[in-house]
Amino acid sequence: MKRKSEKEQLDASSKNKKVKLDSDEFEKRLSFLQPFAQPLAGKKLTKRLFKLMDRASEMKLLRRGVKEVVKSLRKGEKGICVLAGDVTPFDVISHIPVFCEENEVLYCYVIDKASLGLASKTKRPTSVVFIPDRVKQTTEKEYTKCERDMISLVPVKTT
């Protein structure tokens with residue numbers, strides 16, 4: 001009988017981990033946010049987004065990291081963009097909300113990059129994740145709930 005290598009054990013353990021957000025832990029992490037991380041997803045929306053990321057990563061459609069997300073946005077893909085609110089230096093991801101607004105892509109911030117990385121099934125903390133519109137085909141209900149909640153986060157512009 002062969003023993004699993006250390007890498008296989010780490011891969012299996014990271015895939016089985018779930019992101020848990022208690023109200024106490026959520027409140028603690030809020031202190032590490034950048035002051036301009038707006039719109040910020042609440043606990044309920046954060047859980048829904050993490051569940052959607054989990055499904056998208058199983059389907060191999062999730063885009064992780066600044067480089068991949070910017071490439072997807074430049075190509076004109078539609079979807080949901082989720083950014084970490086505790087990224088330092090913030091200049092690393094400060095241009096992504098502008099791209100999202102130009103391409104009419106919904107975006108929001110979550111409390112930290114560690115939980116964003118865990119939800120997207122990676123071992124490393126992730127600063128930004130893009131969930132493409134193609135995920136909607138299989139997870140219609142979850143995707144539309146997240147979309148609706150994210151639209152309600154954005155303040156209405158008056159002219």
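Quantities reported herein were computed from a predicted structural model and do not represent experimental measurements.

A. Spotlight on the overall build of the protein. Within the protein one finds seven helices and four strands. Reading the protein from its N end, one meets helices and strands in the order α-α-α-β-α-β-α-β-α-β-α. Residue burial in the protein is summarised as follows: out of 159 residues, 43% are buried. Of all intrachain contacts in the protein linking residues separated by at least 6 positions in sequence, the fraction that spans at least 24 positions is 80%. Surface summary for the protein: the accessible area is close to 9900 Å², and the carbon and sulfur share equals 52%.

B. Layout of helix 3 (residues 43-58). With 16 residues, helix 3 should reach 22 Å at 1.5 Å per residue; the first-to-last C-alpha distance of 23 Å fits that figure. What helix 3 keeps buried is the set Leu45, Thr46, Leu49, Phe50, Leu52, Met53, Asp54, Ala56 and Ser57. Remark: Lys60 follows helix 3 within two positions and exhibits a positive phi of approximately 60 degrees.

C. Inspection of the side chain of Ser72 at higher detail. Mapped onto the secondary structure, Ser72 falls in helix 4 (residues 66-74). One polar contact links Ser72 to Arg63, side chain to side chain, over a distance of 3.5 Å. Beyond its immediate chain neighbours, meaning those up to four positions away, Ser72 contacts Arg63, Glu77 and Phe130.

D. Region of the structure containing the sheet that holds strand 2 (residues 79-84). As summarised here, the arrangement of the four strands in space is 1-4-2-3, forming an open sheet in which the pairing is mixed. Strand pairing shows two members of the sheet lacking a second neighbour, strand 1 (63-64) and strand 3 (106-110), which therefore form its edges. Bridge count for strand 1 against strand 4 (residues 128-132) is two bridges, and the pairing is antiparallel. Within the sheet, the bridge partner assigned to Arg64 lies in strand 4 and is Val129. Against the sheet, helix 4 makes contact with strand 1, strand 2 and strand 4, and its axis sits at roughly 40 degrees relative to strand 4, the strand it touches most.

E. Expanded view of the environment of Phe130. Inspection of the secondary structure puts Phe130 in strand 4. A sequence separation of 77 residues divides Phe130 from Met53, and the C-alpha atoms of the two residues are 8.8 Å apart. Not counting residues within four places of it along the chain, the set of residues in contact with Phe130 comprises Leu61, Leu62, Arg63, Val69, Ser72, Leu73, Glu77, Lys78, Gly79, Ile80, Cys81 and Val105.

F. Spatial organisation of unusual backbone geometry. In this structure, the amide linkage connecting Gln38 to the following residue, Pro39, adopts the cis form with an omega of 0 degrees. Residue position: Pro39 is located in the loop between helix 2 (23-30) and helix 3. Put simply, Thr88 and Pro89 share a cis peptide bond, and its omega is -10 degrees. Even without being glycine, Glu104 reaches a positive phi, approximately 55 degrees. Topologically, Glu104 is positioned in the loop between helix 5 (96-102) and strand 3. Although it is not a glycine, Lys121 adopts a positive phi angle of roughly 65 degrees.

Conventions we followed
- Residues take numbers from 1 onward in each chain, read along the sequence in its written order.
- Local features in this predicted model are restricted to residues of pLDDT 70 or higher, and side-chain atom pairs are both shown and tallied only at a pLDDT of 80 or more, whereas totals for entire chains, interfaces and linings draw on every residue.
- Side-chain numbers come from the whole structure's heavy atoms, not from hydrogens or water.
- Helix and strand labels come from DSSP, where a helix needs a run of H or I of at least four residues and a strand needs a run of E of at least two; each type is numbered from the N terminus.
- Only protein chains enter the calculation, and the probe is 1.4 Å; a residue is then buried if its accessible area is under 20% of its type maximum, exposed if over 50%, and partly exposed in between.
- By definition, residues are in contact when any of their heavy atoms lie within 4.5 Å.
- Note on areas: Shrake-Rupley, 1.4 Å probe, and residue coverage restricted to the protein chains presented here.
- To estimate the expected span of a helix, subtract one from its residue number and multiply by 1.5 Å.
- Two N or O atoms count as a polar contact when they lie within 3.5 Å, although within protein this holds only if one can serve as hydrogen donor and the other as acceptor, and sequence-adjacent residues are included solely when both atoms are side-chain atoms.
- Strand pairing requires that DSSP identify at least two bridges connecting the strands.
- Orientation is described by axes fitted as lines to C-alpha atoms, over the contacting stretch for helices, and by angles from 0 to 180 degrees between their N-to-C directions.

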